[in-house]
Protein chains: 2
Amino acid sequence: MLTTVFRARKRLAYEATLSVTVELKENEPVAVKASLQPLMDLVKQDLDETNRIILDRMHSDVELIPTLARHLIAAGGKRLRPVLTLGSAKLCGYDGNRAQKLAACVEFIHTATLLHDDVVDESDLRRGNETANVLWGNQASVLVGDFLFSRSFQLMVEDGSLDVLRILSTASAVIAEGEVLQLMNVGDINTTEESYMEVIAAKTAALFAAACEVGAVVADRPADECTALADYGQNLGIAFQLIDDALDYSAEQQALGKAVGDDFREGKVTLPLLLAFQKGNAEEQNFWTRVVEDQQQEGDLDTALQLIQKHQTLGATFDAAKAYGAKAKKALALFPESAEKEALIAAVDFAIERAY
Amino acid sequence: MLTTVFRARKRLAYEATLSVTVELKENEPVAVKASLQPLMDLVKQDLDETNRIILDRMHSDVELIPTLARHLIAAGGKRLRPVLTLGSAKLCGYDGNRAQKLAACVEFIHTATLLHDDVVDESDLRRGNETANVLWGNQASVLVGDFLFSRSFQLMVEDGSLDVLRILSTASAVIAEGEVLQLMNVGDINTTEESYMEVIAAKTAALFAAACEVGAVVADRPADECTALADYGQNLGIAFQLIDDALDYSAEQQALGKAVGDDFREGKVTLPLLLAFQKGNAEEQNFWTRVVEDQQQEGDLDTALQLIQKHQTLGATFDAAKAYGAKAKKALALFPESAEKEALIAAVDFAIERAY
């Protein structure tokens with residue numbers, strides 16, 4: 001514990017020099033049609049302001065807070081959730097500046113969950129970087145996450161919309177419920193598909209849905225449009241997580257910046273594993289039961305990958321993602337054609353096709 | 001990690017049978033004059049409703065959430081913070097029911113910080129019980145804390161006061177900053193008195209201040225009364241934490257339900273230790289530097305207690321607590337005499353005299 005603190009102190013000077021970049025990494029494979037680029041282009045100016053607000057408002061006189069927050073934020077990522085808030089607001093014809101600050105709120109909540117996930121998942125890689133946890137320890141991850149979460153609500157109060165506060169406080173509670181349910185499912189080979197879907201709908205899709213709905217709320221649009229954008233975000237988020245869970249068993253580690261097999265090693269029962277267990281013979285089911293509920297040995301991940309290949313459960317997972325992606329697009333039906341609508345649709349294809 | 005989850009599952013059945021009690025423990029030493037009882041008596045009906053709201057709103061279909069939350073809430077405690085919200089509202093002549101729900105918000109935030117402290121402090125005892133962490137592991141403590149924190153903001157949104165949301169979101173951010181600063185001070189024998197005071201003002205007093213200010217806000221009182229109650233709470237909170245830190249080196253473990261020497265073992269530089277280091281000779285300073293920054297050996301706690309006794313730094317800590325207690329009472333000067341005012345003053349004396 002002391003060593004953690006000393007390690008933290010030692011790194012302050014170095015970390016303080018980290019520069020913050022939020023552009024798409026150039027080496028990132030981006031298909032022409034299935035791309036986040038149209039959406040990024042449409043919201044670029046707003047996103048620049050959102051990033052300015054993020055850097056400005058994550059400041060604290062307690063040095064470790066901005067340092068640790070910067071570590072995650074500098075790690076890049078596509079700012080997918082705030083971009084969805086900004087894009088949804090634009091789709092609704094909003095051109096004020098409230099969405100910029102609320103997009104920062106969404107990113108703060110997301111960053112707080114990443115910091116708390118570092119404690120939760122004991123993962124060693126996130127976006128190809130050491131996690132904050134590895135660098136600073138559980139305690140700093142928890143507390144800085146708490147700070148960003150609180151700061152997010154302070155920003156919402158400044159904005160002054162009780163509807164936005166309701167949407168994002170509810171999403172935050174649902175996210176926590178999803179993470180706890182996931183925790184209870186860890187090491188349980190009998191996790192049902194329903195329970196798995198409940199987890200990803202809560203831990204991931206709820207914030208996507210809220211991020212999009214907030215865009216319609218700031219534009220003061222009628223309930224059906226707010227609901228439509230929430231549905232779009234919810235289904236996009238489910239598709240996004242399904243692909244994430246598939247990629248953890250695929251060779252796409254580079255694209256994800258995440259080590260293959262993380263979920264497997266943590267005993268997380270995601271869809272590719274869950275389906276392989278269901279389709280497996282007695283011997284295969286014994287294997288899955290041992291590696292999930294008991295203990296793993298050298299070579300188990302290779303065996304797992306072979307069984308997932310044998311039963312083509314990655315394909316089944318991709319198909320499920322496509323189905324939710326189609327629902328996401330369908331949810332936008334009531335909006336007239338526009339560059340924003342096309343960009344939001346291309347973002348769905350991007351979320352799915354990043355798998356290939 | 002898997003074992004943690006299995007242990008958690010195993011305990012669900014047992015925990016579910018825990019009954020919830022919030023009365024003062026009968027064996028708790030309560031002086032006649034310096035007592036929390038007058039305040040508890042004044043708010044009893046409101047507190048019963050607050051407790052009903054707490055039990056009702058900590059519910060989740062994810063079984064582990066109410067189970068783990070109940071573990072802390074069943075551990076009792078005096079509901080000091082919600083009682084301060086209810087008492088402050090009464091002092092301001094408020095007799096509606098909004099304060100009952102907002103007092104539950106305050107307790108949810110406090111409970112969330114206790115859960116996250118379990119991760120932070122690696123403490124083995126809280127209120128004489130095993131911590132949630134020991135029973136469930138870091139991950140559950142973090143996530144259930146996140147749920148209660150989010151739920152608190154949902155309740156505030158239901159109440160609909162942006163002032164209350166501003167006060168409690170700001171307090172939450174300040175608490176996190178204080179906890180991070182404390183983390184950075186751990187293992188640093190050169191922690192200054194100023195830095196120590198900054199930590200306790202933030203990690204403890206900020207929520208006391210917010211709890212009291214909210215009472216004036218729901219009563220729709222003018223700014224000077226809101227500020228006065230915030231000052232009362234801030235100074236009471238500082239006095240309360242000073243006494244807590246003194247008790248960690250006193251024989252009063254029973255009254256605190258906490259093992260003496262927790263702070264010492266964690267390398268926390270609290271006022272009794274900080275003053276003993278400052279007053280110590282070269283040999284004593286070498287001792288403090290070793291036990292705080294390097295490592296501890298059998299018998300170090302006894303030596304620490306002797307040095308703290310030698311330099312009477314517990315007395316100095318109690319005196320500091322009394323000074324802040326006097327400030328807390330003074331802050332109530334602009335309120336006319338009333339049973340509520342007397343009860344709030346008696347609560348200050350209770351916070352301090354529980355040390356004797």
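Refer to the structure printed above.
Residues numbered from 1 in each chain as written. Chains lettered and ligands numbered in written order. Predicted model: local features only at pLDDT ≥ 70, side-chain atom pairs only at ≥ 80, totals over all residues. Heavy atoms only, no water.

**Here we look at the interface of chain B and chain A**
Keep this limit in mind: In what follows, residue pairs with any heavy atoms lying within 4.5 Å of each other are defined as contacts. Values labelled buried area give the accessible surface lost by two parts on being combined, using a 1.4 Å probe and summing over both. A carboxyl oxygen of Asp or Glu within 4 Å of a side-chain nitrogen of Lys or Arg is what we treat as a salt bridge. By the criterion applied in these results, polar contacts are pairs of N or O atoms within 3.5 Å in which, for protein atoms, one can donate a hydrogen and the other can accept it, and in which residues neighboring in sequence qualify only through two side-chain atoms. Numbering of helices and strands runs from the N terminus, with a helix taken as a DSSP run of H or I at least four residues long and a strand as a DSSP run of E at least two residues long.
Contacts between the two partners involve 52 residues from chain B and, on the opposite side, 52 residues from chain A. The three residues of chain B that bury the most area against chain A are Leu143(B), Leu183(B) and Met184(B), which together make up 14% of that side's buried surface. Put simply, chain B and chain A have 0 salt bridges between them. Counting across the chain B and chain A interface gives 6 residue pairs in polar contact (both at pLDDT 80 or more). Contributing elements (two or more residues each) for the side of chain B that touches chain A: α1 (2-16), α3 (64-74), α5 (98-121), α7 (138-159), α8 (162-185) and α14 (282-293) of chain B. For the side of chain B that touches chain A, the leading source of residues is α8(B), giving 15 residues.

**Here's the deal with the relation of the copies chain B and chain A**
Mapping between the two copies of the chain is achieved by a rotation about an axis and a shift along the axis. Selection rule: Alignment of copies: least-squares fit on C-alpha atoms of residues with pLDDT of at least 70 in both copies.
Mapping chain B onto chain A calls for a rotation angle of 180° and an axial translation of 0.0 Å; the resulting RMSD is 0.0 Å. The superposition operator between the copies reduces to a two-fold rotation axis. It is Val142(B) whose C-alpha, among those of chain B, lies nearest the rotation axis, at 3.5 Å.

**Looking at the nonpolar core**
Selection criterion: Each nonpolar core is a collection of buried residues, namely Ala, Val, Leu, Ile, Met, Phe, Trp, Tyr and Cys, held together in the definition by side-chain atoms within 4.5 Å. We call a residue buried when its accessible area falls under 20% of the maximum for its residue type, exposed when it is over 50%, and partly exposed in between, using a 1.4 Å probe and counting protein chains only.
Core analysis: the largest hydrophobic core is formed by 235 residues, its most contacted members being Leu168(A), Tyr232(A), Trp288(A), Leu168(B), Tyr232(B) and Trp288(B). Of all the elements, helix α10 (residues 193-218) of chain A adds the most residues to this core, at 16 residues. Those residues within four positions of Leu168(B) in sequence are excluded, and the remaining contacts are Cys105(B), Val106(B), Ile109(B), Phe153(B), Met156(B), Leu207(B), Ala210(B) and Val214(B).

**Description of the side chain of Glu213(B)**
Residue and element names in this part refer to chain B. Selection criterion: For the purpose of counting charges, residues Lys and Arg are taken to be positive, whereas Asp and Glu are taken to be negative. His and the chain ends are not included.
Looking at the element boundaries, Glu213 is found in helix α9 (residues 193-218). The side chain of Glu213 sits in the buried core without any salt bridge; Arg166 is the nearest counter-charge, 5.1 Å away. Beyond its immediate chain neighbours, meaning those up to four positions away, Glu213 contacts Ile167, Cys226, Leu229 and Ala230.

**Structural notes on empty space enclosed by the protein**
Empty space among the atoms becomes apparent when a probe as large as a water molecule is rolled across them. Condition: With a 1 Å grid spanning the protein atoms alone, the term cavity applies to any set of points in which a 1.4 Å probe fits but cannot get out, the term pocket to an open set with protein on both sides within 12 Å along at least five of seven lines, and the term lining residue to any residue with an atom within 4 Å of a point. Grid points are joined across faces, edges and corners, and a volume is the space filled by probe spheres set on the points.
Under the counting rule described, the total for this entry stands at 6 cavities of 30 Å³ or more. Approximately 170 Å³ is the volume found for the largest cavity. Around the largest cavity, the lining comprises 16 residues; the ones closest to its centre are Thr113(A), His116(A), Phe149(A), Ile175(A) and Asp146(B). For the lining of the largest cavity, the secondary-structure elements that each account for two or more residues are α6 (98-121), α8 (138-159) and α9 (162-185) of chain A together with α7 of chain B.

**Re the environment of Leu114(B)**
With respect to the helices, strands and loops of the structure, Leu114(B) is situated in helix α5. With 28 residues separating them in the primary sequence, Leu114(B) and Val142(B) have C-alpha atoms 9.9 Å apart.

**Notes on the packing of aromatic side chains**
Residues and elements named next belong to chain A. The test is simple: A pair of aromatic rings is counted whenever rings of Phe, Tyr or Trp (Trp by its six-membered ring) have centres within 6.5 Å, and the orientation is called stacked for planes under 30 degrees apart, edge-to-face for over 60 and tilted otherwise.
Scanning the model with the defined rule gives 10 aromatic pairs over all chains in all. Between Phe149 and Phe153 the ring centres are 5.1 Å apart and the planes differ by 70°, which places this aromatic pair in the edge-to-face class. With Phe149 and Phe153 both in helix α8 and 4 residues apart, the pair spans about one turn of that helix. Plain terms: the ring middles of Phe208 and Phe240 are 5.3 Å apart, the flat faces sit at 40° to each other, and that makes the pair tilted. Of this pair, Phe208 sits in helix α10 while Phe240 is found in helix α11 (residues 223-247), placing the two residues 32 residues apart along the sequence. A single burial state applies to Phe208 and to Phe240, both of which are buried.

**Here we look at unusual backbone geometry**
One can expect most non-glycine residues to show negative phi and most peptide bonds to be in trans. Residues and elements named next belong to chain B. Phi is positive for Asp220, which is not a glycine, with a value near 60°. Notably, Gln312 is not glycine yet its phi reads approximately 50°, a positive angle. Mapped onto the elements, Gln312 comes out in the loop between α15 (300-310) and α16 (313-331). Relative accessible area serves as the criterion here: at 59%, Gln312 is assigned to the exposed category.

**A short note on helix α2 (residues 37-57) of chain B**
Keep this limit in mind: At every residue, the bend is computed as the angle between two fitted axes, covering the seven residues ending there and the seven beginning there respectively.
Maximum bend of α2(B): about 70°, positioned at Lys44(B). Buried within α2(B) we find Leu39(B), Met40(B), Val43(B), Asp46(B), Leu47(B), Thr50(B), Asn51(B), Ile53(B), Ile54(B) and Arg57(B).

**Quick notes on the side chain of Glu340(B)**
All names here are of chain B. If you trace the backbone, Glu340 turns up in helix α17 (residues 339-353). For the buried Glu340, no salt bridge is present, and the opposite-charge side chain at shortest range is Lys90, 6.3 Å distant. In this structure, Glu340 is in contact with Leu42, Lys90 and Leu91, ignoring residues within four places of it in sequence.

**Things to note about the packing of helix α5 (residues 80-91) of chain A against helix α18 (residues 339-353) of chain A**
Residues and elements named next belong to chain A. Spelled out, the test is: Working convention: axes come from line fits to C-alpha atoms, limited for helices to the stretch in contact. Angles between N-to-C directions cover 0 to 180 degrees. Each crossing gets its handedness from the near helix: less than a right angle anticlockwise from the far helix is left-handed, clockwise is right-handed. Residues are grouped as follows: nonpolar covers Ala, Val, Leu, Ile, Met, Phe, Trp, Tyr, Cys and Pro; charged covers Asp, Glu, Lys and Arg; every other residue, Gly included, is treated as polar.
As a packed pair, α5 and α18 sit with axes 8 Å apart at the nearest point and diverge in direction by 150°. Like other packed secondary-structure pairs, α5 and α18 cross with a definite hand, here left-handed. Taken together, the residues of α18 that come into contact with α5 (itself represented by Leu84, Gly87, Lys90 and Leu91) are Glu340, Lys341 and Leu344. Residue composition of the contact of α5 with α18, grouped by class: 3 nonpolar, 1 polar and 3 charged.

**Things to note about α17(B)**
Residues and elements named next belong to chain B. Under the convention used in this document: Working rule for helices: expected span equals 1.5 Å times residues minus one.
Under the 1.5 Å per step criterion, the end-to-end length of α17 is 20 Å for 15 residues, consistent within 8% with the ideal 21 Å. Of all 15 residues in α17, 11 are buried; the element is thus mostly enclosed. Here α17 has its buried residues at Glu340, Lys341, Ala343, Leu344, Ala346, Ala347, Val348, Asp349, Phe350, Ala351 and Ile352. Buried residues belonging to α17 abut α2, α4 (80-91), α10 (223-247) and α16.

**Here we look at the packing of α8(B) against α9(B)**
Residue and element names in this part refer to chain B. Heads up, the condition is: Between 65 and 115 degrees an angle is taken as roughly perpendicular, under 35 as roughly parallel, over 145 as roughly antiparallel, and anywhere else as oblique.
Contact geometry for α8 and α9: axes closest at 8 Å, N-to-C directions at 165°. Considering their axes alone, α8 and α9 lie roughly antiparallel with respect to each other. Judged by the sense of rotation from one axis to the other, the crossing of α8 with α9 is left-handed. Residue-level inspection shows Asp163, Val164, Ile167, Leu168, Ala171, Val174, Ile175, Gly178, Glu179, Leu181, Gln182 and Asn185 of α8 in contact with α9, the latter providing Ser195, Glu198, Val199, Ala202, Lys203, Ala206, Leu207, Ala210, Glu213, Val214 and Val217.

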